[in-house]
Amino acid sequence: MNRKSSYLNIEFLSACTEAKLYPEDFGNEVAICGRSNSGKSSIINALANSKKLAKTSNTPGRTQSINFFSINSDVDYKLVDLPGYGYAKASKKMQKDWGRQITNYMNSRESLRGIILIMDIRHPFQKADQDFLAWCRQYHLPVQLLLNKADKLSRNQGLNVLSASKKELINLKLLNEPLLFSAKTHDGVEQLTKNILSWVESA
Ligand SMILES: Nc1nc2c(ncn2[C@@H]2O[C@H](COP(=O)(O)OP(=O)(O)O)[C@@H](O)[C@H]2O)c(=O)[nH]1
Ligand SMILES: [Mg+2]
């Protein structure tokens, strides 16, 4: 592993719509979740310094798979791209499918060590985010909040959202520091890389 690089070597493993298709449940993994369009795919690409590892899209809301990636060619370390939630035009059936998929995954996955939660910095802590956070707490999982698309705000505006978000998280008894992030400028990539490695390596 190249420890000097602030990027991760991320390789696609599989896209799964059923729990029985997941890669074997061993080692340590970190899952990325957030509202549709918050930038999950772009963040995975930014972490790998790639443009095409994960598909980015302006048309959210298709039935999605859970996508598994390996980190730094180590079969024990995985990154998991969970389907996004909160898509305004999602049908009842899609919402139910989402709930079923995420519940199956979170309930069954022994190797899950933490959640990276993505919010669009311009629209943080929406109802669906609050629900998801409450859910993470039930599983006693650490949560790393990324305030993504920080390039869309001025530095000062970004810092204001950051400090308000810290307070929100403390109220929810979630103690990991939120991060200002931009998948576009790669602001925050270095810190997130460190945090992911410390989660998967120290478990
Ligand atoms: N300006 C800016 N746009 C972003 C950023 N991250 C994602 N986007 C854009 O937001 C849209 C949704 O991104 P995507 O990665 O597909 O989101 P996902 O649905 O959460 O996987 C795309 O048009 C991206 O180019 C960011 O940090 N800054
Ligand atoms: Mg995506």
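Now for a quick tour of the structure. Only a predicted model underlies this, so the values are computations on that prediction, with no experimental measurement involved.

The next thing to look at is the overall build of the chain. Looking only at helices and strands, the chain features 5 helices and 7 strands. Taken from N to C terminus, the helices and strands of the chain fall in the order β-β-α-β-β-α-β-α-β-α-β-α. Taking 17 Å as the expected radius of gyration for a compact globule of 203 residues, we find that the chain reaches 16 Å, a close match to that expectation. Along the longest, intermediate and shortest principal axes, the C-alpha atoms of the chain span 45 × 45 × 35 Å. Across the 203 residues that make up the chain, the buried fraction comes to 48%. Once local pairs closer than 6 in sequence are excluded, the contacts in the chain between residues at least 24 apart make up 76%. Here the chain has roughly 10,600 Å² of accessible surface; of this, 49% comes from carbon and sulfur atoms. Across the chain, the mean location of the 28 positive side-chain charges is 7 Å away from that of the 19 negative side-chain charges.

Around ligand 1, a shell composed of 18 residues is seen, among which Asn37, Lys40, Ser42, Asp151 and Ala183 lie nearest. The backbone of Ser38 places a nitrogen or oxygen atom 3.4 Å from an oxygen atom of ligand 1. The backbone of Lys40 places a nitrogen or oxygen atom 2.8 Å from an oxygen atom of ligand 1. Relative to its unbound accessible area of 580 Å², ligand 1 is 83% covered by the protein chains. Of the residues that constitute the shell around ligand 1, the class distribution is 1 nonpolar, 11 polar and 6 charged.

Below, the discussion takes up the sheet that holds strand β5 (residues 112-120). If you walk across this open sheet you meet the 7 strands as β1-β3-β4-β2-β5-β6-β7, and the pairing is mixed. In this open sheet, the two edge strands, each paired with only one partner strand, are β1 (10-16) and β7 (179-180). Relative to β5, strand β2 (residues 28-34) runs parallel, the two sharing 6 bridges. Each bridged residue has a counterpart across the sheet, and for Ile32 the counterpart in β5 is Ile116. Helix α5 (residues 189-202) rests against β2, β3 (66-71), β4 (74-81), β5, β6 (143-148) and β7 of the sheet, and its axis sits at about 155 degrees to β5.

Moving on, we come to unusual backbone geometry. Here the phi dihedral of Asn49 falls at roughly 50 degrees; this positive angle occurs in a residue that is not glycine. For Asn49, the position within the fold is in the loop between α1 (40-48) and β3. One non-glycine residue, Ser73, lies in the positive phi region at around 55 degrees. Considering the arrangement of structural elements, one finds Ser73 in the loop between β3 and β4. Since its relative accessible area comes to 52%, Ser73 is described here as exposed.

Thresholds applied
Residues numbered from 1 in each chain as written. Chains lettered and ligands numbered in written order. Predicted model: local features only at pLDDT ≥ 70, side-chain atom pairs only at ≥ 80, totals over all residues. Heavy atoms only, no water. Helix = DSSP H or I, 4+ residues; strand = E, 2+ residues; numbered from the N terminus. Rg over C-alpha atoms; globule rule 2.2 N^0.38 Å. Buried < 20%, exposed > 50% of the residue type's maximum accessible area, 1.4 Å probe, protein only. Contact = heavy atoms within 4.5 Å. Areas by Shrake-Rupley, 256 points an atom, 1.4 Å probe, with all protein chains shown as cover. Lys, Arg positive; Asp, Glu negative; His and termini not counted. Charge placed at Lys NZ, Arg CZ, Asp CG, Glu CD. Near = heavy atom within 4 Å. Polar contact = N/O pair within 3.5 Å; in protein donor to acceptor, adjacent residues only side chain to side chain. Nonpolar A, V, L, I, M, F, W, Y, C, P; charged D, E, K, R; others polar. Pairing = 2+ DSSP bridges. Axes fitted to C-alpha atoms, helices over the stretch in contact; angles between N-to-C directions.

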